[in-house]
Amino acid sequence: MSTLDRRSLLRLGAAGIGSALLTNRAAARAPLLGTQAPAFHRFMIGAIEATVVSDGPLPMGKPAASFNGFPPGEITKLLQSNFLPFDDIVLEQNVLVLNTGDKLIVFDTGVGASKSFGPLPGKLGSTLVKAGIAPSDIDAVVISHAHPDHCGGLVDINGQAVFSNAQIYISSADLDFWTDEVKLGSQLKPLIETARRNLLPLRDRIAFYKDGQEFLPGVQALAAPGHTVGHSMFMITSGSETFCYAADLAHHSVLLLEDPRGTFVFDTDAKQAAATRIRMLDMLTSDRTRMMGYHFPWPGLGHVVKHGEGFRYIPEPLKTVL
């Protein structure tokens, strides 16, 4: 057979296979589903059952619009080298729920009813239900800081408390800063309005935590200022295990770990945020502490290790449950 004949035969064979695939797909026994598993993930911290539920992704657009302080070209290089899209940043919203046996505790509440972030976020209510958790059963809601994507889910579209039986915990510094009506005349107005709408109606059941305080059983607050004046992380301890909910210590698991001196556009004090990030990441690395980032890739669990002049996030393998 000539080379030309072989090539013709190969072309005809490929066309036949393609046609067969199309025919088989059209005649498949079951339709393509296009669905994923429910957006919750369970794990243990000692004797505490922890569940991560999603409030949905936050599309942020061009990376340079949100992340600052990087040398020219570094953002693209870091994203490409980690096989991530370099023209559009999407952050997750990983909400932590603890069942201590005595209490159900939620850490942060997503964007709630606000549509300013688009149609994708605001799913906390539905994902809690899918995870078998009723908002009315929540005993405590811990707010790491009063940005819209963390306190925005405290009240519903009608201004009613979503967690009707919960005590609310926040730092006094953040409550004072983000509900200050004087700031309504500044560029912070949208953030101030959201904080006031979600926090002020619940003022009678807000309690304050302080740096270093164990304000709930096994839950200790750690001041981590810079992103906001009262931004806090939380160390959760049960038995011999310690776990860190790092909240917004770093908004991106690559950019702000591999170059922790970079900054995020919504930092209240960018220089302080970077210094806090380096100090806390050093601590988590030295102690080999298991951690969770609110905006890290779902479900946000893993460890951090030293990597050159910065750090690297190592995601925790997810266990299959049958």
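Reference entry: report on the structure contained in this document. All residue numbers refer to position in the chain's written sequence, counted from 1. The predicted nature of this model means local features are confined to residues of pLDDT at least 70 and side-chain atom pairs, given and counted, to a pLDDT of 80 or more, with totals for whole chains, interfaces and linings taken over all residues. Only heavy atoms go into the side-chain values, all of them from the structure, while hydrogens and water stay out.

**Side note on helix 7 (residues 189–199)**
Accessible area is worked out with a 1.4 Å probe on protein chains only. A residue is then buried under 20% of its type maximum, exposed over 50%, and partly exposed in between. Helix numbers and strand numbers start at the N terminus; a helix is a DSSP run of H or I with at least 4 residues, a strand a run of E with at least 2. For helix 7, the full list of buried residues reads L191, I192, T194, A195, N198 and L199. The buried residues of helix 7 all sit within an arc of 165° when viewed along its axis, so they share a single face. Next to the buried residues of helix 7 lie helix 5 (148–151), strand 9 (167–170), helix 6 (172–178) and strand 10 (206–208). For this quantity, the arc is that covered by the directions from the helix axis to the C-beta atoms. In what follows, residue pairs with any heavy atoms lying within 4.5 Å of each other are defined as contacts.

**A few points about the pairing of strand 6 (residues 94–99)**
Burial analysis of strand 6 places 5 of its 6 residues in the buried class, the great majority of the element. Sheet topology places strand 2 (residues 48–54) next to strand 6; 6 bridges connect them, and they run antiparallel. Note on strand 6: the bridge partner recorded for E49 is N99. Both strand 6 and strand 7 (residues 104–107) contribute to a ladder of 4 bridges, which runs antiparallel. Residue pairing for strand 7: V97 is matched across the bridge by V106. Pairing between two strands is assigned when DSSP locates at least 2 bridges connecting them.

**Section: the layout of surface pockets**
In the cavity and pocket records, a cavity denotes points on a 1 Å grid over the protein atoms alone where a 1.4 Å probe fits but cannot get out, a pocket denotes an open set with protein on both sides within 12 Å along at least 5 of 7 lines, and lining residues are residues with an atom within 4 Å of a point. Grid points are joined across faces, edges and corners, and a volume is the space filled by probe spheres set on the points. Considered as a void within the structure, the largest pocket measures approximately 470 Å³ in volume. Around the largest pocket, the lining comprises 16 residues; the ones closest to its centre are F40, H41, R42, K319 and V321. The residue classification treats Ala, Val, Leu, Ile, Met, Phe, Trp, Tyr, Cys and Pro as nonpolar and Asp, Glu, Lys and Arg as charged. All others, Gly included, are polar. Residues that form the lining of the largest pocket fall into these classes: 11 nonpolar, 1 polar and 4 charged. The space that makes up the second largest pocket amounts to roughly 380 Å³. Residue lining of the second largest pocket: 19 residues in total, with L84, H252, S253, V254 and P297 positioned closest to the centre. Of the residues that constitute the lining of the second largest pocket, the class distribution is 10 nonpolar, 5 polar and 4 charged.

Remember that the coordinates give geometry; whether it matters functionally is a separate question.
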